[in-house]
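Here's the letter readout for the chains.
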Amino acid sequence: MFRRLAAWIEKRRQIRQRWQQDARAMIVKHGHHAYYEAQRLAARCRAQGNGSEFWHWAKVASEVARLSPDAEMDMKVVQAIADEEMR
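The model shown is predicted, which means the values in this text are computed figures rather than measured ones.

Conventions used here
- Here the residue numbering is sequential within each chain, running from 1 through the sequence in written order.
- Local features are withheld for residues below a pLDDT of 70 in this predicted model, meaning they are given only at 70 or higher, and side-chain atom pairs are given and counted only at 80 or more; totals for whole chains, interfaces and linings count all residues.
- Only hydrogens and water are set aside; all other atoms, that is, all heavy atoms of the structure, feed into the side-chain values.
- By the criteria applied, helices consist of DSSP H or I runs no shorter than four residues and strands consist of E runs no shorter than two, each listed in order from the N terminus.
- Whether two residues are in contact is decided by their heavy atoms, any of which lying within 4.5 Å being enough.
- The method behind every accessible area is Shrake-Rupley, applied with a 1.4 Å probe, and residues are considered shielded solely by the protein chains displayed.
- We treat Lys and Arg as the positive residues and Asp and Glu as the negative residues; His and chain ends play no part in the count.
- Charge coordinates come from a single atom per side chain, which is NZ of Lys, CZ of Arg, CG of Asp or CD of Glu.
- We define the nonpolar core as a collection of buried residues of types Ala, Val, Leu, Ile, Met, Phe, Trp, Tyr and Cys that are connected through side-chain atoms lying within 4.5 Å of one another.
- Partly exposed describes any residue whose relative accessible area lies between the buried limit of under 20% and the exposed limit of over 50%, with all areas from a 1.4 Å probe on protein chains only and scaled to the type maximum.
- Helix span is expected to be 1.5 Å times the residue number reduced by one.
- Exposure above 30% relative accessible area and the lack of any salt bridge qualify a residue for a patch; like charges then connect within 9 Å, and the nonpolar side chains Val, Leu, Ile, Met, Phe, Trp and Tyr within 5 Å.
- When a carboxyl oxygen of Asp or Glu is within 4 Å of a side-chain nitrogen of Lys or Arg, the pair counts as a salt bridge.
- The angle between two axes is taken between their N-to-C directions and runs from 0 to 180 degrees, where each axis is a line fitted to C-alpha atoms and a helix contributes only its stretch in contact.
- Any angle that is under 35 degrees is reported as roughly parallel, and any over 145 degrees as roughly antiparallel; angles of 65 to 115 degrees are reported as roughly perpendicular and all others as oblique.
- Each helix crossing is assigned a hand: it is left-handed if the near helix lies turned anticlockwise from the far helix by less than a right angle, otherwise right-handed if that turn is clockwise.

Chemist: Is there a simple way to explain the overall build of the protein in this structure?
Modeler: A tally of helices and strands in the protein yields four helices and zero strands. In the protein, the succession of α and β elements from N to C terminus is α-α-α-α. Taking the principal axes of its C-alpha atoms as reference, the protein extends roughly 45 × 30 × 20 Å. Within the protein, contacts between residues separated by at least 24 positions form 71% of all contacts whose residues are at least 6 apart in sequence. With an accessible surface of roughly 6200 Å², the protein has 54% of that area assigned to carbon and sulfur atoms. The average position of the 16 basic charges and that of the 11 acidic charges among the side chains of the protein differ by 10 Å.

Now the structure itself:
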């Protein structure tokens with residue numbers, strides 16, 4: 001039982017680490033538009049029916065918001081991005 005719990009905790013740690021790494025890479029590559037780019041990738045994955053990647057990029061967007069004090073986060077822009085990707 002302990003091994004299962006330890007394996008689950010390790011898996012969750014690796015997933016969280018991937019979110020954080022991708023968020024940092026987005027911030028470096030896209031600057032204050034990193035949040036929008038992560039939302040674009042999330043919307044694209046959602047439109048393609050890829051649920052696990054949708055959740056990954058949604059979490060990356062939240063990490064960008066948490067890590068970057070100058071990230072732009074206008075919900076009208078996010079909605080326009082989602083509408084564009086769903087077409």
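Here the narrative resumes.
Chemist: Even after reading the chapter, I still don't get the nonpolar core, so can you show me in this structure?
Modeler: Here is a general trend for soluble globular proteins: nonpolar side chains tend to be buried in one another's company. Residues Met26, Tyr35, Tyr36, Trp57, Val60 and Val64 are the most contacted members of the largest nonpolar core, which totals 16 residues. Counting residues per element, the ones that place at least two in this core are helix H1 (2–30), helix H2 (34–47), helix H3 (51–67) and helix H4 (75–86). At seven residues, H2 tops the list of elements feeding residues into this core. Those residues in contact with Val60 that lie beyond four places of it in its chain are Trp19, Asp22, Ala23, Met26 and Ala38.

Chemist: Even after reading the chapter, I still don't get H2, so can you show me in this structure?
Modeler: Side chains that are three or four residues apart share a direction in an α-helix, a result of its 3.6 residues per turn. Taking 1.5 Å of rise per residue, 14 residues should cover 20 Å, and H2 covers 20 Å from first to last C-alpha, within 8% of that figure. Within the sequence span of H2, burial applies to Ala34, Tyr35, Tyr36, Ala38, Gln39, Leu41, Ala42, Ala43 and Cys45. In this structure, the buried side of H2 is in contact with H1, H3 and H4. Just downstream of H2, Gly49 is the residue with a positive phi angle, here 80°.

Chemist: I would appreciate a short explanation of the environment of Ala82 in the present structure.
Modeler: Its location among the elements puts Ala82 in helix H4. Here Ala82 falls in the partly exposed class, since its relative accessible area comes to 21%. Separated by 38 residues in sequence, Ala82 and Arg44 place their C-alpha atoms 7.8 Å apart.

Chemist: Would you explain a positive patch on the surface in this entry?
Modeler: Together, Lys11, Arg12, Arg16 and Lys59 make up a region of like positive charge exposed at the surface. Structurally, Arg16 is set in helix H1. Looking at Arg16, the relative accessible area reads 40%, which means it is partly exposed.

Chemist: How should I be thinking about the packing of H1 against H2 in this particular structure?
Modeler: Helix-helix packing: each pair is described by the crossing angle between the helix axes and the interaxial distance. Taken N-terminus to C-terminus, the directions of H1 and H2 make an angle of 120°; their axes are 8 Å apart at the nearest point. Taken together, the axis directions place H1 and H2 in an arrangement best described as oblique. Relative to H2, H1 is oriented so that their crossing is right-handed. For the pair H1 and H2, the contacting residues are Met26, Ile27 and His30 in the first and Ala34, Glu37, Ala38 and Leu41 in the second.

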